[in-house]
Amino acid sequence: MAEQSGAPGAVSLGRPSLGEAELAAVGEVFRSGWVAGAGPACHAFEEEFAAACGVGHAVAVANCTAALHLALLAHGVGPGDEVIVADYTFPATGHAVLFTGATPVFADVRADTATVDPDAVAAMVGPRTVGVIAVDAAGLPADYADLGELTARCGLFLVEDAACAAGATYRGRPAGSLAPVAAFSFHGRKGITCGEGGALVTDDAAVAAKARKLAAFGLESAWAREGRTDLPIPVFDEPGYNYKLSDLGAAIMRVQLARLPELLGRRRAVADRYAALLADVDGLVPPGEPGDRTGTWQSYAVTLAPGVDRGRVAAMLREQDIGCNFGTYASHLQPVYGVREACPVSADLFRRQLAIPMHAELSDADVERVAAALRKAVENSR
Ligand SMILES: *Cc1c(COP(=O)(O)O)cnc(C)c1O
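In this convention, every chain numbers its residues from 1, walking through the sequence in written order. Two thresholds apply to this predicted model, a pLDDT of at least 70 for residue-level local features and 80 or more for giving and counting side-chain atom pairs, whereas whole-chain, interface and lining totals are computed over all residues. To get the side-chain values, take all heavy atoms of the structure and skip hydrogens and water.

### Some details on the sheet that holds strand β4 (residues 129-135)
Heads up, the rule is: By this definition, two strands are paired if DSSP reports at least two bridges between them. Secondary structure elements follow DSSP: runs of H or I no shorter than four residues count as helices, runs of E no shorter than two count as strands, and numbering proceeds from the N terminus. All axes are obtained by fitting lines to C-alpha atoms, using only the stretch in contact for helices, and the reported angles, taken between N-to-C directions, cover 0 to 180 degrees. Residue contacts are defined here by distance: any two heavy atoms, one from each residue, within 4.5 Å place the two residues in contact.
Spatial ordering of the open sheet is given by β1-β9-β8-β5-β4-β2-β3, a layout of seven strands whose pairing is mixed. At either end of the open sheet lies a strand with only one pairing partner, and these are β1 (57-61) and β3 (103-107). Each adjacent strand pair in this sheet contributes to an overall mean axis angle of 20°, direction not counted. The sheet contact formed by β1 and strand β9 (residues 198-202) spans five bridges and is antiparallel. Across the sheet, residue Ala60 finds its bridge partner in β9, namely Ala199. Against the sheet, helix α6 (residues 144-154) makes contact with β4 and β5 (157-161), and its axis sits at roughly 155° relative to β5, the strand it touches most. On the sheet, helix α7 (residues 205-214) packs against β1, β8 (181-185) and β9 and is oriented at approximately 20° with respect to β1.

Okay, here's the thing in structure tokens:
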């Protein structure tokens, strides 16, 4: 992450919150000897994470992209199928569909939340559609009441890409329980992290078992064999992947999960302060949070007015050692997908959003400095 410069006065765009407690947890795994995946730390983390999500099962995996791939495979997705995908997202969401040989069909998003527009999804359902992947954009949950009703009515599966959403809520329910299957990321840029990691969570025991098997070469897990006194000889009856999370990562995640309320609280305080400081700036709209849901403030992306030169604003911030970036991607514009459908709202957010520093290590002085610099940069770029 180039933004994580150590220069004095630099304010990084994102930064993990990892410390002594996480180091101590890694030390314990060293001493236990089980550093690979599917061991005791993974097992404990899976139970704790499933409970935090309010669902029956969690499968710890190498990253969120793997969790999305497994979710699709568990639903039997393959060539000839179409999966409707929220357009405004990191392209891992669409990639996971490509991995299965199916075709992603991108649906436009709401301008105020950047989450998929249920009416756009409804308009795209066709004879080859098998399911929908909604994205909790920057950790803000999508419209799951409408999406759940629509997918149930049309006989489609619904997957929650909750990559950034650990700790988010929708109508009082936690992210991870908002669709029958959800996928989380524990990448270094997310709110809780072990460097690289992820999880698939679900209440569906069959989906969990299928995902667990496919995440470990198509084998019964080593944990299930541990402690047996006979000599079980596993049989390979389908090709699986190696998508396991290491026990080193899982041990770090147990500490991060316990710290989640503290880390989310700090991000929320930063978001509230930005909102107050930026409310009267002409030429930008701060991100919102509808009353029926809470996000995680994975990032803080303002939407610049059409007349503001985003490149100029970004250059002015970077000259002052303040990290910034575009929001996320309009998937349909990425050549890898070779699609023609238009998602004008997503394309507009892709052009106009600007993410400013957001993480749990920001000081109040950092937040004030960033807000003042952004105000000035926008005023000078209209
Ligand atoms: C980060 C992210 C992913 C990818 O997560 P990995 O753990 O890096 O695979 C997928 N979807 C969204 C919305 C993301 O933000």
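### Some remarks on the site of the ligand
Inclusion rule: It suffices for a single heavy atom of a residue to lie within 4 Å of a molecule or strand for the residue to be listed as near it. Polar contact is the term for a pair of N or O atoms within 3.5 Å; when the atoms are in protein, one must be able to donate a hydrogen and the other to accept it, and sequence-neighboring residues count only if both atoms are side-chain atoms. Using a 1.4 Å probe, the Shrake-Rupley method yields the accessible areas, and only the shown protein chains count as cover for residues.
The environment of the ligand is made up of 14 residues, and the closest members are Cys64, Thr65, Asp161, Ser185 and Lys190. One nitrogen or oxygen atom from the main chain of Cys64 is found 2.8 Å from an oxygen atom belonging to the ligand. For the ligand, an oxygen atom lies 2.7 Å from a polar atom in the side chain of Lys190. Look at the ligand: alone it shows 380 Å² of surface, and the protein chains cover 88% of it. Contributions of two or more residues to the shell around the ligand are made by α3 (64-74) and α4 (92-99).

### Quick word on unusual backbone geometry
Unlike most non-glycine residues, Phe217 shows phi in positive territory, near 65°. In this fold, Phe217 is placed in the loop between α7 and α8 (222-225). Positive phi, close to 65°, is recorded for Asp321, a residue that is not glycine. Tracing the backbone shows Asp321 in the loop between α10 (310-319) and β13 (325-326).

### Thoughts on the sheet that holds strand β11 (residues 293-294)
Strand order in the open sheet formed by three strands is β7-β6-β11, with antiparallel pairing between adjacent strands. Taken across any chain shown, the strands that pair with only one partner, and hence form the sheet edges, are β7 (173-174) and β11. In this structure, strand β6 (residues 169-170) lies alongside β11, joined through two bridges in antiparallel fashion. Counterpart to Tyr170 in the pairing with β11 is Arg293.

### Some details on the packing of aromatic side chains
Note the following rule: When two rings of Phe, Tyr or Trp (its six-membered ring) have centres within 6.5 Å they constitute a pair, described as stacked for plane angles under 30 degrees, edge-to-face for angles over 60, and tilted for the intermediate range.
Across all of its chains, the model carries 13 aromatic pairs by this definition. An aromatic cluster is built from Phe45, Phe49, Phe184 and Phe186, whose rings are joined through pairwise contacts.

### Examining the domain arrangement of the chain
Size of an interface: often given as the accessible area lost when the parts come together. Definition in use: Each domain's extent was defined by an automatic or database domain assignment. What gets called buried area is simply the loss in accessible area from a 1.4 Å probe that two parts show on being joined, summed for both. We count a salt bridge whenever a side-chain nitrogen from Lys or Arg sits within 4 Å of a carboxyl oxygen from Asp or Glu. Side-chain classes are defined by residue name, with Ala, Val, Leu, Ile, Met, Phe, Trp, Tyr, Cys and Pro counting as nonpolar, Asp, Glu, Lys and Arg as charged, and the others, Gly among them, as polar.
Entries for the chain in the domain assignment read domain 1 (20-258) and domain 2 (261-379). Computed over C-alpha atoms, the centres of domain 1 and domain 2 are 26 Å apart. With 43 residues of domain 1 in contact, the opposing surface of domain 2 contributes 33 residues. Between domain 1 and domain 2, roughly 2,800 Å² of surface is buried when both sides are summed, and carbon and sulfur atoms account for 54% of that area. At the boundary of domain 1 and domain 2, one finds two salt bridges. As a salt-bridge pair, Asp143 and Arg293 come within 2.7 Å of each other at their nearest N and O atoms. Linking domain 1 with domain 2 are 22 residue pairs in polar contact (both at pLDDT 80 or more), by the criterion used here. Here the side of domain 1 that touches domain 2 takes four residues from β3, the largest share from any one element. Here the side of domain 1 that touches domain 2 is composed, by residue class, of 25 nonpolar, ten polar and eight charged.

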